[in-house]
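Architecture and fold: a report
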Amino acid sequence: MASSGRAGAAGTAEFASVCVRRLGGLVFRQCGLDTVDDDYWPPSPKRRRTVKAVSASPRPKHRREKCSRTRRVTRDHTPADSSPASLVSSSRAASRQRSLALEEPIYRCSSSRSSSTFRPPPDPGDKVDRIWWTVDDGSPGPDLVSAASVVRQLAKSYKSYFNNPQDPDDKSFEAEALPSTELEYPNNHSCETFILLVPKDPDHYNPIMCLVESLYTIIDCYLTPPQKALFGTLPTALPTEHTLPHSPPTSSVANLSGDLSNSSHNSGNTAQQNHLRTLQRAIRRRDGPLFLHTMDTINFLLRSLKYPPLPDDVFEPALPNQLLTYARESWAQPSYRGIPKRVLLRVIEETYQRIVGPNIGQLSRYSAFTSEVYGELMPSFTDKIIAQTGLHAGSLLVDLGSGVGNVLLHATLATGCSAFGVEFMAGPAALAREQLRQLRTRCRMWGLSLGNVELEEGDMLGSRRVDALLPKADVVVVNNKVFEETLNAALRPKFLDLKEGAVVISLKPFVQPNARVTERNVDDICAIFDVEERPYHSGDVSWGSSGGTYYAHRVDRVGYASIRERFENARARSVRAGRR
């Protein structure tokens, strides 16, 4: 029995010695060893000094140290039935974890997560020159959805606005009569009819304000300063229905109307009058005859610029449209660098008001608390995307869940880029197709060109077109604010096909900004992304008045390879340290 006991003790001591040699002096109190045999690991000079100092002046054992020692033994306790192999394995894992914990943390990006300064978009190299104008005729054709057709469709929701102050019995401005006027657009043979009524609900489409805003945009952006002087002074703000008086003074209106009626339709006589101010006065005083007469004069002046007089010599070419000539020359200057923002927003707004506005009910047909909940990114948000990603005429934009197509249409008109959008819900998809058709027509009326746009109705996860275009995409937009986590997770593998430098814009992150690289996420699908967190503000989205955060994921495989190399080196060092 004694021999057997000595053999068991000798075996235990031999096993502990092996563990000491392999694990660098780890103390195994379970084996009855409270110290390390330094014969197997010669102490360094620093360790010799430390050991001598400790042996020379032993510290008294206080009660607190005893308690701490007890707790430490409890933490290091290993079940008595643990095998030597499992003991070595668990100790090696503990050593590796401690070694990794001592390494400097590795983050996906070197910038701070709270940084408010972001890198500028990369230089796209040789940009494709944008041709923003069109050589096509501006005739809208019979398929145009005009302002007049919108009011006729919803006639019961509109009421009269103008009257005839000189003839109280004049019924021509009542709602049943549908009083109307026209507006000449910049391109040849393009004009639109507006019915002069106002909506009963002030939030609905107002054709009078739409006409005035379009007129001011044409005069401000398409005319030279001498040409602008023919029309008068542009106001600083548009009149609104809430600021209009209800009872105009009859004598003043009669005098203004008489003064204007005495002028002939030629540029020599009308140049002395401020027609834009007269138009504002007619709106404020609800003077229908004055408004109509002023619009006739303004349209006459616009037509005289669009169709200059023919030269006396029949062999000389006819003068071009003066509105488009000036725009093509001035908008090419560095101060513009393309379509002016006022023109861009006006064309987009005209299209949206006539197509989406009257059919807004189709956008509310969705199941609550699902990925089908509808929300729109507003033009100001699209401007942020364009500025951050550097979209240009040679870029491809893909919108996964494109809704009614607002982002696609805005971006392709502003930059000339190609765009593709896929939408699952039938209602928004149908409105997007109609918006695209009408925007092409309105661009011709304004003398503008539109980039290539392709729309698809269906499931983005099963779309072959999505799979074909994602590897070519420069920017991908995903409004995943209310997407279910299962849908977000299903989208992540598709991003592996994105090319280097491509950017994914989303309302929820597919990977956290500047995430720390760990064993758990180093091989994650979305580790190729370098993520930036950016704020959006009130008015950038349709679902709330407050701001929020969106995320720009830029594909950076080169940076990821460097990060992974650093992580692998750190992991290798920890493994080597664990084998000591």
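These lines cover the structure that appears in this document, whether it is placed above or below. In this text the structure is predicted, and so the values were computed from the model without any measurement.

Quick look at the pairing of strand E11 (residues 548-555) now. Of all eight residues that make up E11, six are buried, and the element is covered over most of its length. Taken together, the four bridges between strand E9 (residues 503-506) and E11 define a ladder with antiparallel strand orientation. For Val504, the partnering residue across the bridge sits in E11 and is His553. Pairing analysis gives eight bridges linking strand E10 (residues 529-536) to E11, with the strands arranged antiparallel. Bridge pairing links Pro535 to Thr549 in E11.

What follows covers the nonpolar core. Counting residues in each nonpolar core, the largest one holds 62 residues, and the members touching the most others are Leu215, Tyr222, Phe231 and Leu448. With 11 residues, helix H6 (residues 207-222) is the single largest residue contributor to this core. Leave out the neighbours within four places in its chain, and Leu215 touches Leu183, Leu276, Leu279, Met295, Ile298 and Leu302.

With that out of the way, let us pick up unusual backbone geometry. In this model, His189 sits at a positive phi of 60°, which is unusual for a non-glycine residue. The topology assignment puts His189 in the loop between strand E2 (180-184) and strand E3 (191-195). A relative accessible area of 51% places His189 in the exposed class. Positive phi values are uncommon outside glycine, yet Arg286 reaches one of about 60°.

Let us look at the packing of aromatic side chains. For the structure on display, the rule yields 11 aromatic pairs. Judged by centre distance (5.4 Å) and plane angle (75°), the ring pair of Tyr185 and Trp446 falls under edge-to-face. Of the two residues, Tyr185 sits in the loop between E2 and E3 while Trp446 sits in the loop between helix H16 (426-445) and strand E7 (453-457), which places them 261 residues apart along the sequence. Residue Tyr185 shares its accessibility class with Trp446, and that shared class is buried. Take Trp446: its relative accessible area is 0%, and that puts it in the buried class.

One open sheet accounts for seven strands, arranged E7-E6-E5-E8-E9-E11-E10; its pairing is mixed. Strand pairing shows two members of the sheet lacking a second neighbour, E7 and E10, which therefore form its edges. Pairwise comparison of adjacent strand axes, ignoring direction, gives a mean angle of 15° for this sheet. Packed onto the sheet, H16 meets strand E6 (418-423) and E7 and runs at close to 160° relative to E7.

Mapping Glu176 onto the fold places it in the loop between strand E1 (158-160) and E2. When its relative accessible area of 69% is taken as the criterion, Glu176 is described as exposed. The spacing of Glu176 and Leu197 is 21 residues in sequence and 10.0 Å in space, taken between C-alpha atoms.

Quick look at the side chain of Arg492 now. As for its placement among the helices and strands, Arg492 is situated in the loop between helix H18 (485-491) and E9. Accessibility expressed as a relative area gives 19% for Arg492, which makes it buried. The residues contacting Arg492, other than those within four sequence positions of it, are Phe510, Asp524, Ile525 and Cys526.

A word on helix H10 (residues 275-285). Looking only at H10, the buried set comprises His275, Leu276, Thr278, Leu279, Gln280, Ala282 and Ile283. In the segment just after H10, Arg286 is the residue with positive phi, at about 60°.

Thresholds, definitions, all that
- Residues numbered from 1 in each chain as written.
- Predicted model: local features only at pLDDT ≥ 70, side-chain atom pairs only at ≥ 80, totals over all residues.
- Heavy atoms only, no water.
- Buried < 20%, exposed > 50% of the residue type's maximum accessible area, 1.4 Å probe, protein only.
- Helix = DSSP H or I, 4+ residues; strand = E, 2+ residues; numbered from the N terminus.
- Pairing = 2+ DSSP bridges.
- Core = buried A, V, L, I, M, F, W, Y, C linked by side-chain atoms within 4.5 Å.
- Contact = heavy atoms within 4.5 Å.
- Phe/Tyr/Trp six-rings, centres within 6.5 Å; stacked < 30°, edge-to-face > 60°.
- Axes fitted to C-alpha atoms, helices over the stretch in contact; angles between N-to-C directions.

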